[in-house]
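In case you want the letters, here they are:
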Amino acid sequence: QHIVEQSASLLSDSLSYLRDLGLLNVASYNALPLREQDFPESSLFRPVYDRVREAFKTQPLLLAQGGGFIKADEAKLARGKDLVELFSPEQLGSLFGKDRLAWLDAAITESGETADLYTYLVGRKKNSWTKEWELEPLIDGMQVDADTLAPKLTAEFLVKQTIDWLTRFIQYAMQGAQSLRKVPLIRIESGDHVSLPSDKSTPLSAWFSSKDTSGIDLSEFPLVHAKLAASEPIRKFLEKEGIREIDAAAIVWQCILPLYNGADRPFDEHKYRDHLRQIRKAYTEANDAAKQQMTTKLNNIAWLACVHASGNTQEKIVWKKTGAFDVFTRADDHEIWFHGLDSVGAYFLHPSVNEVLNGSVSSLVKPATVLTQNLHMSEYTASLCNESYGKHKQGLNGFKPDATVIGLQAAL
């Protein structure tokens with residue numbers, strides 16, 4: 001036992017001599033006691049395994065990428081050589097809250113001649129679905145992969161990196177690391193960072209600049225950084241993920257619709273007609289899915305200029321949402337009926353809406369076409385009279401006794 005203890009001490013001390021003589025390399029680690037199963041707790045030579053493991057934990061004996069030796073708590077082992085080439089020691093340290101962390105030699109992989117060393121460093125779990133270790137890692141968190149890095153790649157970190165480095169990072173993320181696609185990897189012209197849209201219903205976080213930008217206030221749009229947009233592979237990747245050029249629909253909901261938020265707003269008919277033309281253009285050019293999305297956005301904002309149907313206050317503009325129950329088509333019968341009825345809540349679309357939207361009025365605006373409401377059938381017919389429900393009767397010949405005619409009392 002004494003001889004074994006002394007041999008363990010000699011081996012441990014020899015590692016630093018071998019290192020200083022330049023004789024310690026990745027291949028030479030294979031001569032060391034790396035396989036715990038070869039040194040059970042009760043075995044005579046267990047001290048040899050323990051002393052070497054303690055030396056690796058506390059002394060700079062691990063070979064770093066590019067040369068030199070580091071301690072275990074100064075090292076990270078990349079799962080994939082691309083990570084080693086992408087993240088510098090300073091960047092790696094920043095991500096893990098240290099001044100600097102070095103990559104271990106990229107020749108250490110989980111297969112081939114270095115498989116035992118790899119397992120010795122990163123550990124091995126009993127199975128894929130448990131957190132229990134069959135062999136614990138040399139230190140916690142030594143191995144780094146895309147999933148490990150993703151939560152640490154914040155906008156605060158990414159905004160400090162050069163655009164050239166960011167280009168290489170996005171190209172790495174394009175190779176299939178799904179977790180990296182959730183980080184705010186898109187740099188916009190302001191220098192800020194935003195994420196890819198999570199699905200088709202999510203508002204776009206960034207846009208490509210349109211070829212024709214005349215008359216567009218681009219300050220309303222978070223534009224993808226010019227260098228990213230100029231890279232054909234990155235542009236195709238971002239387009240596949242939902243980023244697109246500024247189009248007519250984008251102009252509508254980024255530049256036009258926000259102008260109609262709020263209660264008090266001036267009415268400039270010339271500008272309003274221009275806005276209506278852009279809304280019509282966006283709607284007619286959109287595919288079915290985009291039409292649905294645009295309709296949803298238009299339904300939530302009071303962008304329709306209306307006037308009171310009485311004809312007495314034509315100068316006053318009232319703003320309404322699409323599908324408002326009190327907005328009626330400007331038909332001859334409706335004009336005659338509502339004429340002079342100031343107390344009735346009924347409105348017509350401003351002439352500019354009908355003139356500019358033209359055929360799109362019915363599909364976009366949906367003004368009411370009839371003056372009657374509550375045109376539902378009675379719940380029970382005369383044939384279903386009984387003591388439990390009482391007596392219920394249905395009007396004859398299609399007459400609806402519960403119907404309400406808008407403005408009837410005022411008109412009478």
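Residues numbered from 1 in each chain as written. Predicted model: local features only at pLDDT ≥ 70, side-chain atom pairs only at ≥ 80, totals over all residues. Heavy atoms only, no water.

Asks: Got a minute to help me understand the pairing of strand 10 (residues 304-308) in this structure?
Replies: The two faces of the sheet receive side chains in turn, since in a regular strand these alternate between them. Of all the 5 residues making up strand 10, 5 are buried; the element is thus mostly covered by neighbouring parts of the structure. Burial along strand 10 is two-sided: the residues Leu304, Cys306 and His308 and Ala305 and Val307 are all buried. Pairing analysis gives 3 bridges linking strand 10 to strand 11 (residues 318-320), with the strands arranged antiparallel. Its bridge partner being in strand 11, Cys306 is matched across the sheet by Val318. As paired elements, strand 10 and strand 13 (residues 347-349) share 3 bridges and run antiparallel to each other. Among the inter-strand pairings, His308 is bridged to a residue of strand 13, identified as Tyr347. (Buried < 20%, exposed > 50% of the residue type's maximum accessible area, 1.4 Å probe, protein only. Helix = DSSP H or I, 4+ residues; strand = E, 2+ residues; numbered from the N terminus. Pairing = 2+ DSSP bridges.)

Asks: Explanation requested: the side chain of His225 in the structure shown.
Replies: Relative to the helices and strands, His225 resides in the loop between strand 9 (193-194) and helix 9 (226-230). For His225, a relative accessible area of 17% translates into the label buried. A polar contact is formed between the side chain of His225 and the backbone nitrogen of Lys227, at a distance of 3.1 Å. Residue contacts for His225: discarding those within four places in its chain leaves Ile163, Arg187, Ile188 and Glu189. (Polar contact = N/O pair within 3.5 Å; in protein donor to acceptor, adjacent residues only side chain to side chain. Contact = heavy atoms within 4.5 Å.)

Asks: Before we go on, may I ask you to explain the packing of aromatic side chains in this structure?
Replies: How two aromatic rings sit relative to each other is given by the distance of their centres and the angle of their planes. Applying the stated criterion across every chain, the model contains 16 aromatic pairs. Among the aromatic residues, ring-to-ring pairing joins Tyr29, Phe39, Tyr49, Phe56 and Tyr120 into one connected group. (Phe/Tyr/Trp six-rings, centres within 6.5 Å; stacked < 30°, edge-to-face > 60°.)

Asks: How do you make sense of the sheet that holds strand 10 when you look at a structure like this?
Replies: In any sheet, the strands associate via hydrogen bonds between backbone groups, in a parallel or an antiparallel arrangement. Spatially, 4 strands are ordered 11-10-13-12 in an open sheet, and the strand pairing comes out mixed. Edge strands, defined here as strands with exactly one partner in the open sheet, are strand 11 and strand 12 (327-328). As paired strands, strand 12 and strand 13 are joined by 2 bridges and run parallel to one another. Of the residues in strand 13, the one forming a bridge with Val327 is Tyr347.

Asks: Got a minute to help me understand a nonpolar patch on the surface in this structure?
Replies: On the surface, Tyr17, Leu18, Leu21 and Leu23 cluster together to form a nonpolar patch covering roughly 450 Å² of accessible area. Here Leu21 is to be found in the loop between helix 1 (2-20) and helix 2 (46-58). (Patch = residues over 30% accessible without salt bridge, like charges linked within 9 Å, V, L, I, M, F, W, Y side chains within 5 Å. Areas by Shrake-Rupley, 256 points an atom, 1.4 Å probe, with all protein chains shown as cover. Salt bridge = Lys/Arg side-chain N within 4 Å of Asp/Glu carboxyl O.)

So yeah, pure geometry; function would need other evidence.
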